Amino acid sequence: MVNICFYFQVHQPYRLKKYRVFDIGQHHNYFDEQKNKEILKKVATKCYFPANKVILNLLKEHPELKVSYSFSGIVLEQLEKYSPKALNLFQKIVNTGQVEILDETYHHSLAFLYSKKEFEEQIKMHTKKIKQLFGQKPKVFRNTELIYNNQLAKHIEKLGYKAILAEGWDHYLQWRSPNFVYQPPKTKRIKLLLKNYKLSDDIAFRFSDKNWKEHPLTAEKYAHWINQTNKNGEIVNLFMDYETFGEHQWADTGIFRFLASLPKYLLRFNNFVTPSEAIKRLKPKDTINIPHLLSWADTERDVSAWSGNRMQQSALKNLYQLQRQIKRKNNKQILNDWRQLQTSDHFYYMCTKFFNDGDVHKYFNPYDSPYDCFIAFMNIINDLKTRIKKS
Amino acid sequence: MYGWEFPPHNSGGLGTACYGLTKSLSKLGTQITFVLPGLSKIPSADFIKIISANTKTIRINSPIIGYMTSQEYFKIDKNDIYGPTLFAEVERYAQEASRLAKTEKHDLIHAHDWMTYPAGLKAKQISKKPLIIHVHATEFDRTGGHGVNQHVYKIEKLGMEQADHIIAVSNFTKNKIIQHYHIPPEKITVVHNAVDFTNFKSNRDFKINKKDKIILFLGRITIQKGPDWFVYLAKRILDYDPNYKFIVVGSGDMEGKIIEKAAELNLADKISFTGFLRGPELDQIYQMADLYVMPSISEPFGITPLEAMRNNTPCLISKQSGVSEVLHHCLKADFWDINKMADQIISILKYPEGYQHLKENTAQEIKKFNWDEPAQKCLSLYKKIGETKW
């Protein structure tokens, strides 16, 4: 018997307007409300509604089923504004009592890398929002894009969390398996849950890939793979974007049928846990030393997707340089705009790493090119600077 | 191979492309006889310009030059042997040029753009060898879709229908051929152009003065290339920031109109017109510029951005171009979106990290665009067409 921990990440950014140099000082509407509304409604139709219905039915059908979610604060805001019905379904899911919600930075930001103070403030905002909407106080933390290192684990332990999630990357695991609970070095209590990226990505990335030798993937076959880990592990952490269901893997790939029939097969020999249950039940097997920044993105699993080129570095530097002035001014609107600019997606759109091959970075990019995103972002920063001076 | 022009006697990208392709094909072992029109006035050394041991050029006496219009043909001094109109001359030229199909040994005929299609078709009748026509531009590109010359259209359509295969310089062009000439897609292969790297190198700084940013237009001054949009763009930028200079390089039927337009908008001291440039001067002017702009309204490929990049100058290119399919590290906009283009230019020059990143990537990306790959694609196609035919 192995413990299965499903964790879904729910996030949508506030995308920027194509803010022109001529707009500086003219208006301060940085975010494309129309487009954000359209996209959120589209994702709700394709993913949140159908996936929530499947999950809710499954939870009712199988009281032993457990799942966990993390929502960015800004996706929750957008759900409140543009799709309260989808939000209501999420609340129903949480109300089954079989669901754990995790904490993260409210703005899905890279703040941990640039300002610990801002990082903590955004976590506080997030905790408050989760309490308000779902009535839970999270005990487990996941950082934006699963960005992680030893230092983060220590910091998060000080804030009182019991566990933290990270990528189960071979480079740091070496001969060890991701299918155990671990402990970060030089910590007292906090536990580390590592994503089984092979099994997670079988669903998240490969499910509809016709060139994959396992295609088509059935729930039965997948359950069989999970059962096999029984010999080498106690827990399988399946972490993925919630948008996998219906948005990354479209409904016509059969992803919802797969999801609906999976628990039935998995429950035959296994058992579901939330992260908090996992760390209560399982003892850490070892400490895993992760001194450098690790994430769940790209083959590099580092932070180069957000801060690898000089445009990204310059945009981030310019943004975080404003922190002191902005916090001194105490202008709510300016502070809020500044925080929404911290969302990691803006920097992801400036990535030129795999630009030549035109891959996933391009598919999700609302701009013609990373240069256009940089231009809009920097124009906004300049407008923000003029507002700070004036206020 | 039938072409219109060859550097140094070229007036546009067609000659540059033919030269680059021929050079790389002959390097790959293909023997090429390049036939093109020319006046006996041109010194004989240029008649038999040796590109490589594999290649020879033959000039057929004719006053046709690349991108010539019927009106322009009317104006030139003509010898009695030449046709009275451009079309008559293209026909006469086809007769003369196709005669070579009897005497010059060949396995395949490759004809570049409409003026040579009749020659290619006649040569095919004579030698029964397969014909590939290479579409560098269609009448729809040259006229911007307005006032398509029916006579030219018919010649193009006939060539496309009767050829054994068609090479298009981009998907953009392939789609035009399907849409406007009703050719089945499987008959068309896309071979993107490239750029020759034997350019003029200099360490000199050609900047006019340090304060002003220099924005360059380079191309024939004709509706297809969007020179009027360039002038409006200059106006939009200068209204925001006067520390810019604009340079227009090239000549063409709209030259007078564009100069007048610049004067009318009070930009006479801000826009310089240099006329047609070639050789080291061409590279110098690219190096002088901070950014090269190609605002073409319909550009089948567009080699000039590659020439700019070869000179380490970043580009802003119109999305209505073939080169935008293959070029990533550049700015792109619709040719009519003056506000966006002005924003891109001002902003990228305002934020040095963005400009430097673009410039570095420009230098990296241009390395991919050498003529060996397109030549290799042509060669594979020759073999494929040859096999089915012979």
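Please read these numbers as outputs of a predicted model, since none were measured by experiment.

Enquirer: Mind showing me how you'd approach the overall build of chain B here?
Expert: Scanning chain B from terminus to terminus reveals 16 helices and twelve strands. Scaling as 2.2 N^0.38, a compact globule of 390 residues should have a C-alpha radius of gyration of about 21 Å, and chain B matches this with 21 Å. In chain B, buried positions account for 61% of the 390 residues. Considering only intrachain contacts with a sequence separation of at least 6, the fraction spanning at least 24 residues in chain B is 67%. Here chain B has roughly 16,100 Å² of accessible surface; of this, 53% comes from carbon and sulfur atoms. Computing the positive centroid from 49 side-chain charges and the negative centroid from 43, chain B places the two 4 Å apart.

Enquirer: I keep staring at the overall build of chain A and nothing clicks. Help me out?
Expert: Across its full length, chain A carries 18 helices and eight strands. Taken over the C-alpha atoms alone, chain A extends approximately 65 × 50 × 45 Å along its principal axes. Burial analysis of chain A (391 residues in total) assigns 64% to the buried set. Sequence-distant contacts, at least 24 apart, represent 77% of the contacts inside chain A between residues at least 6 apart. Here chain A has roughly 16,100 Å² of accessible surface; of this, 50% comes from carbon and sulfur atoms.

Enquirer: Looking at this model, I keep getting lost on the interface of chain A and chain B. Mind explaining?
Expert: By a widely used convention, the size of an interface equals the accessible area lost when the partners come together. Of the residues lining the interface, 22 residues belong to chain A; the matching set on chain B comes to 27 residues. Both faces combined, the contact of chain A with chain B buries some 2,200 Å², and carbon together with sulfur accounts for 58% of it. Its largest share of buried area at the contact with chain B, chain A owes to Phe22, Arg310 and Tyr371 of chain A, together 32% of the area lost on that side. Arg20 of chain A is the salt-bridge partner of Asp343 of chain B, the closest N and O atoms lying 3.7 Å from each other. The set of elements that each furnish at least two residues to the side of chain A that touches chain B consists of α13 (310-321) and α18 (370-390) of chain A. Of all the elements, α18 of chain A adds the most residues to the side of chain A that touches chain B, at seven residues.

Enquirer: How should helix α6 (residues 150-158) of chain A be read in this particular structure?
Expert: Two residues of an α-helix separated by three or four positions point the same way, owing to the 3.6 residues in each turn. Residue and element names in this part refer to chain A. Among all positions in α6, only Asn150, Leu152, Ala153, His155, Ile156 and Glu157 are buried. Among the structural elements, α4 (111-114), α5 (116-134), β4 (140-141) and β5 (163-167) are those in contact with the buried residues of α6. Directly beyond the C-terminal end of α6, a positive phi value near 100° is found at Gly160.

Enquirer: How do you make sense of the packing of aromatic side chains when you look at a structure like this?
Expert: Residues and elements named next belong to chain A. The full count for this structure, using the stated rule, is 43 aromatic pairs over all chains. With centroids separated by 5.7 Å and ring planes inclined at 50°, the aromatic side chains of Phe141 and Tyr161 adopt a geometry described as tilted. A residue pair is termed long-range when its members are at least 10 positions apart, and Phe141 in strand β4 and Tyr161 in the loop between α6 and β5 qualify at 20 residues. In this structure Phe141 comes out as buried when scored by relative accessible area, which is 0%. Of the residues examined, Tyr161 reaches a relative accessible area of 8% and is grouped as buried. Each ring, one from Trp169 and one from Tyr197, has its centre 5.3 Å from the other, and the planes form 55°; the classification is tilted. On the criterion of sequence distance, the pair formed by Trp169 in the loop between β5 and α7 (170-173) and Tyr197 in helix α8 (residues 197-204) is long-range, its members being 28 residues apart.

Enquirer: Sorry, what's going on with helix α10 (residues 255-269) of chain A here?
Expert: Residue and element names in this part refer to chain A. Over its 15 residues, α10 extends 22 Å from the first C-alpha to the last, a length consistent with the 21 Å expected when each residue adds 1.5 Å. Of all the bends in α10, the greatest, near 35°, is centred on Leu262, and the proline Pro263 appears no more than four residues after it. Taken residue by residue, α10 has Ile255, Phe256, Phe258, Leu259, Ser261, Leu262, Pro263, Tyr265, Leu266 and Leu267 as its buried positions. For α10, the elements touching its buried residues are β1 (3-10), α1 (33-61), α8, α9 (219-228) and β8 (271-272).

Enquirer: So what exactly am I meant to see when it comes to the state of the cysteines here?
Expert: A covalent bond between the sulfur atoms of two cysteines is what we call a disulfide. Residues and elements named next belong to chain B. Applying the stated criterion across every chain, the model contains zero disulfides over all chains. With no disulfide of its own, Cys330 has Cys315 as its nearest cysteine by sulfur position, at a separation of 6.6 Å. The class of Cys330 is buried, set by a relative accessible area of 0%.

Enquirer: Would you mind going over the pattern of salt bridges with me for this structure?
Expert: Pairing between side chains of opposite charge can happen when the charged atoms of each approach one another. Scanning all chains against the criterion turns up 44 salt bridges over all chains. The closest approach of N and O atoms between Arg310 of chain B and Asp283 of chain B, which form a salt bridge, is 2.8 Å. Placement of Arg310 of chain B in helix α13 (residues 304-310) and of Asp283 of chain B in helix α12 (residues 280-288) is noted, with a sequence separation of 27 residues between them. By relative accessible area, which is 16% here, Arg310 of chain B ends up buried. The buried category is assigned to Asp283 of chain B, whose relative accessible area is 5%. Overlapping salt bridges bring together Lys117, Glu118, Glu121, Lys327 and Arg339 of chain A as one network.

Enquirer: How should I be thinking about the pairing of strand β5 (residues 165-168) of chain B in this particular structure?
Expert: Regular strands have side chains that alternate between both faces of the sheet. Residues and elements named next belong to chain B. Side-chain alternation along β5 places His165 and Ile167 on one buried face and Ile166 and Ala168 on a second face that is also buried. Relative to β5, strand β4 (residues 131-135) runs parallel, the two being bridged by four bridges. The residue of β5 that forms the bridge with His134 is Ile167. Pairing between β5 and strand β6 (residues 188-190): three bridges, direction parallel. Bridge assignment links Ile166 to a residue of β6, and that residue is Ile188. Handedness of the crossover joining β5 and β6 through helix α9 (residues 171-181) is recorded here as right-handed.

Enquirer: Sorry if this is basic, but what is going on with the sheet that holds β5 of chain A here?
Expert: The pairing of strands in a sheet happens through backbone hydrogen bonds and is either parallel or antiparallel. Residues and elements named next belong to chain A. Pairing is parallel in the open sheet, where three strands are placed in the order β4-β5-β6. Lying at the two open borders of the sheet, with one neighbouring strand each, are β4 and β6 (191-195). Pairing analysis gives five bridges linking β5 to β6, with the strands arranged parallel. Looking at β6, one finds that Ala166 is bridged to Leu194.

Enquirer: Where do I start with the domain arrangement of chain B in this structure?
Expert: Residues and elements named next belong to chain B. Here chain B is partitioned into domain 1 (13-194 + 370-389) and domain 2 (213-368). For domain 1 and domain 2, the distance between their C-alpha centres works out to 29 Å. Facing the 21 residues of domain 1 at the interface are 18 residues of domain 2. Between domain 1 and domain 2, the buried area comes to about 1,500 Å², and carbon and sulfur atoms account for 59% of it. Considering only the side of domain 1, the residues that lose the most area to domain 2 are Asp141, Phe172 and His192, jointly responsible for 30% of the buried surface there. Viewed at the interface, domain 2 and domain 1 are joined by zero salt bridges. The interface formed by domain 1 and domain 2 includes eight residue pairs in polar contact (both at pLDDT 80 or more). Of all the elements in the fold, those that place two or more residues in the side of domain 1 that touches domain 2 are α1 (13-27), α7 (139-142) and α9. Partitioned by chemical class, the residues of the side of domain 1 that touches domain 2 number seven nonpolar, eleven polar and three charged.

Conventions used here
Residues numbered from 1 in each chain as written. Chains lettered and ligands numbered in written order. Predicted model: local features only at pLDDT ≥ 70, side-chain atom pairs only at ≥ 80, totals over all residues. Heavy atoms only, no water. Helix = DSSP H or I, 4+ residues; strand = E, 2+ residues; numbered from the N terminus. Rg over C-alpha atoms; globule rule 2.2 N^0.38 Å. Buried < 20%, exposed > 50% of the residue type's maximum accessible area, 1.4 Å probe, protein only. Contact = heavy atoms within 4.5 Å. Areas by Shrake-Rupley, 256 points an atom, 1.4 Å probe, with all protein chains shown as cover. Lys, Arg positive; Asp, Glu negative; His and termini not counted. Charge placed at Lys NZ, Arg CZ, Asp CG, Glu CD. Buried area = accessible area lost by both parts, 1.4 Å probe. Salt bridge = Lys/Arg side-chain N within 4 Å of Asp/Glu carboxyl O. Phe/Tyr/Trp six-rings, centres within 6.5 Å; stacked < 30°, edge-to-face > 60°. Expected span 1.5 Å × (residues − 1). Bend = angle between axes of the 7 residues up to and from the residue. Disulfide = S-S within 2.5 Å. Pairing = 2+ DSSP bridges. Right-handed = clockwise from strand over helix to strand, strands pointing away. Domains from an automatic or database assignment. Polar contact = N/O pair within 3.5 Å; in protein donor to acceptor, adjacent residues only side chain to side chain. Nonpolar A, V, L, I, M, F, W, Y, C, P; charged D, E, K, R; others polar.

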